[in-house]
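# An overview of the molecular structure
Here is what each chain is made of, one letter per residue.
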Amino acid sequence: MPTASFAPSTRIVVFTGAGVSAESGLATFRGVGGLWADFDPVTLATPEAFAREPKRVWDWYASRYVGVRDSEPNAAHRAIARLEASFPSLLVVTQNIDRMHQRSGSRRVLELHGNIWTARCNACGREVDMASLIDLTDPTADSPRCGCGGRMRPSVVWFGERLPMGVFEEAAEAASDCRLLLVVGTSATVYPAAGLIELAAQNGAFVVEVNREATPLSHLADRSYRDLAGDVLPRLVTRIERRLAEDREAQLRDLFGDEP
Ligand code: OAD
């Protein structure tokens, strides 16, 4: 079994799902209180649903946007951002559309499923800030339209759509090549995203899972923490930071010995 050893050059990938934002007050998709317990994804998160009922789909995403906008990153997001200070090559790969990682200071973030902060025209592709549409939209009116006549949609990935060009490829390359994969708050059921865990494990990464519950890919984890991300991550990051500092201290002692 691989063991974890740390140096600032250690390649780390943090792979996150809705559970990392749960303690910010944002609902997860699956599990107790999950969004998909109330809605069938096929009726809301597909291009077909948008073509059939644009207003219903738009309104659902508009209300989620407002929820995200009015929420704050939590201790788990902040701990992940802090870890980047010790490991400059650290990459966050997220399935989340809430931009909480960026808001908490993470600089290297790949968004596999797009984001809810922007909208784009489904005809000409023009992108605008979601805020401008929400502020201008009369809630009783039809879903907003672009100047070209197309309908505006959230810049998220729906079921049956391709992931943004090149993003999954970059994530797969990083997962295949990392020493430590931290998997936080994902049910590991939606592909191709969940395949990143398999890729990392196959290529010898040390896999650490943080999730309240077991998932279908928990067996690939070298270590599982069955607890809240907001509790586990700050402690884990502090422990890693302490270990790095001790190693640095030991190297200096080695180098200079006790001689004056
Ligand atoms: P899910 O809702 O499927 O899974 C959330 C996971 O987080 C579950 O396994 C929970 O046990 C765990 N969890 C909940 N609260 C937690 C906490 N405070 N700390 C730690 N773990 C916690 O979310 P995702 O795996 O992100 O895709 O879902 C994947 C994709 O399915 C989403 O990106 C979305 C959805 O349909 C699209 O919309 C394309």
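Before going into details, it helps to say that this report is about the structure given with it. (Residues numbered from 1 in each chain as written. Predicted model: local features only at pLDDT ≥ 70, side-chain atom pairs only at ≥ 80, totals over all residues. Heavy atoms only, no water.)

Before going further, it helps to spend a moment on the site of the ligand. Taken together, 23 residues lie near the ligand, and Phe29, Arg30, Thr186, Ser187 and Asn211 sit nearest. His113 has a polar side-chain atom sitting 2.8 Å from an oxygen atom of the ligand. In the complex, the protein chains occlude 95% of the 790 Å² of accessible area that the ligand would expose alone. Built from parts of two domains, the shell around the ligand gets at least three residues from each of domain 1 (1-25 + 73-113 + 165-260) and domain 2 (27-70 + 115-156). (Near = heavy atom within 4 Å. Polar contact = N/O pair within 3.5 Å; in protein donor to acceptor, adjacent residues only side chain to side chain. Areas by Shrake-Rupley, 256 points an atom, 1.4 Å probe, with all protein chains shown as cover. Domains from an automatic or database assignment.)

So, on to empty space enclosed by the protein. The full count for this structure, using the stated rule, is one cavity of 30 Å³ or more. In this structure, the largest cavity spans a volume of roughly 70 Å³. What lines the largest cavity is a set of 14 residues, among which Val183, Ile197, Glu209, Thr215 and Leu217 lie closest to the centre. Per-element tally for the lining of the largest cavity: the top contributor is strand 8 (residues 206-210), with three residues. Considered class by class, the residues forming the lining of the largest cavity number eight nonpolar, five polar and one charged. (1 Å grid on protein atoms, 1.4 Å probe; cavity = no way out; pocket = protein on both sides within 12 Å on 5 of 7 lines; lining within 4 Å. Points joined across faces, edges and corners; volume = space filled by probe spheres on them. Helix = DSSP H or I, 4+ residues; strand = E, 2+ residues; numbered from the N terminus. Nonpolar A, V, L, I, M, F, W, Y, C, P; charged D, E, K, R; others polar.)

Moving on, we come to the pairing of strand 7 (residues 180-184). Side-chain direction in a regular strand flips from residue to residue, so the side chains alternate between the two faces of the sheet. A large share of strand 7 lies buried, amounting to five of its five residues. Sheet analysis places strand 1 (residues 12-16) next to strand 7, joined by five bridges and oriented parallel. Across the sheet, Phe15 pairs through a bridge with Val183, a residue of strand 7. Relative to strand 8, strand 7 is paired through five bridges, and the arrangement is parallel. Along strand 8, the bridge assignment pairs Val183 with Glu209. Following the backbone out of strand 7, through helix 9 (residues 195-202) and into the adjacent parallel strand 8, one traces a crossover that is right-handed. (Buried < 20%, exposed > 50% of the residue type's maximum accessible area, 1.4 Å probe, protein only. Pairing = 2+ DSSP bridges. Right-handed = clockwise from strand over helix to strand, strands pointing away.)

Right, let's talk about a nonpolar patch on the surface for a bit. Taken together, the side chains of Leu252, Leu255 and Phe256 present a nonpolar region at the surface, about 350 Å² in accessible area. Its location among the elements puts Leu255 in helix 10 (residues 229-256). Taking relative accessible area as the criterion, Leu255 reaches 63% and is therefore assigned exposed. (Patch = residues over 30% accessible without salt bridge, like charges linked within 9 Å, V, L, I, M, F, W, Y side chains within 5 Å. Salt bridge = Lys/Arg side-chain N within 4 Å of Asp/Glu carboxyl O.)

The computed volume of the second largest pocket comes to approximately 240 Å³. Residue lining of the second largest pocket: twelve residues in total, with Phe6, Tyr225, Leu236, Arg239 and Ile240 positioned closest to the centre. Mapped by element, the contributors of at least two residues to the lining of the second largest pocket are strand 7, strand 8, strand 9 (223-225) and helix 10. Ranked by residue count, the leading element in the lining of the second largest pocket is helix 10, at four residues. Each residue belonging to the lining of the second largest pocket can be placed in one class, and the counts come to nine nonpolar, no polar and three charged.

Let us now look at the environment of Phe87. With respect to the helices, strands and loops of the structure, Phe87 is situated in the loop between helix 5 (75-86) and strand 2 (91-94). Phe87 sits in the buried class, given a relative accessible area of 0%. Once the C-alpha coordinates of Phe87 and Cys121 are considered, the two residues, 34 residues apart in sequence, prove to be 38 Å apart. For Phe87, the residues in contact, after removing those within four places along its chain, are Phe6, Ala7, Pro8, Thr10, Ile12, Ile240 and Leu244. (Contact = heavy atoms within 4.5 Å.)

This part takes up unusual backbone geometry. Residues Tyr191 and Pro192 are joined by a peptide bond in cis, for which omega reads 10°. Along the chain, the position of Pro192 falls in the loop between strand 7 and helix 9. Even without being a glycine, Arg99 presents a positive backbone phi close to 60°. By the secondary structure assignment, Arg99 is in the loop between strand 2 and helix 6 (100-103). Phi angles above zero are rare outside glycine, and Ala188 is one such case at about 55°. Judged by its relative accessible area of 4%, Ala188 falls in the buried class.

On to the packing of aromatic side chains, then. Counted by the stated rule, this structure contains seven aromatic pairs. Seen from their ring centres, Trp36 and Phe159 are 6.4 Å apart, and the 55° between their planes marks the pair as tilted. Of this pair, Trp36 sits in helix 1 (residues 35-38) while Phe159 sits in the loop between strand 6 (152-156) and helix 8 (167-176), and the two are 123 residues apart along the sequence. What makes Trp36 buried here is its relative accessible area of 15%. When the ring centre of Trp158 is taken as origin, the NZ or CZ atom of Arg153, which lies over that ring, is 3.8 Å away. (Phe/Tyr/Trp six-rings, centres within 6.5 Å; stacked < 30°, edge-to-face > 60°. Lys NZ or Arg CZ within 6 Å of the ring centre and 35° of its normal.)

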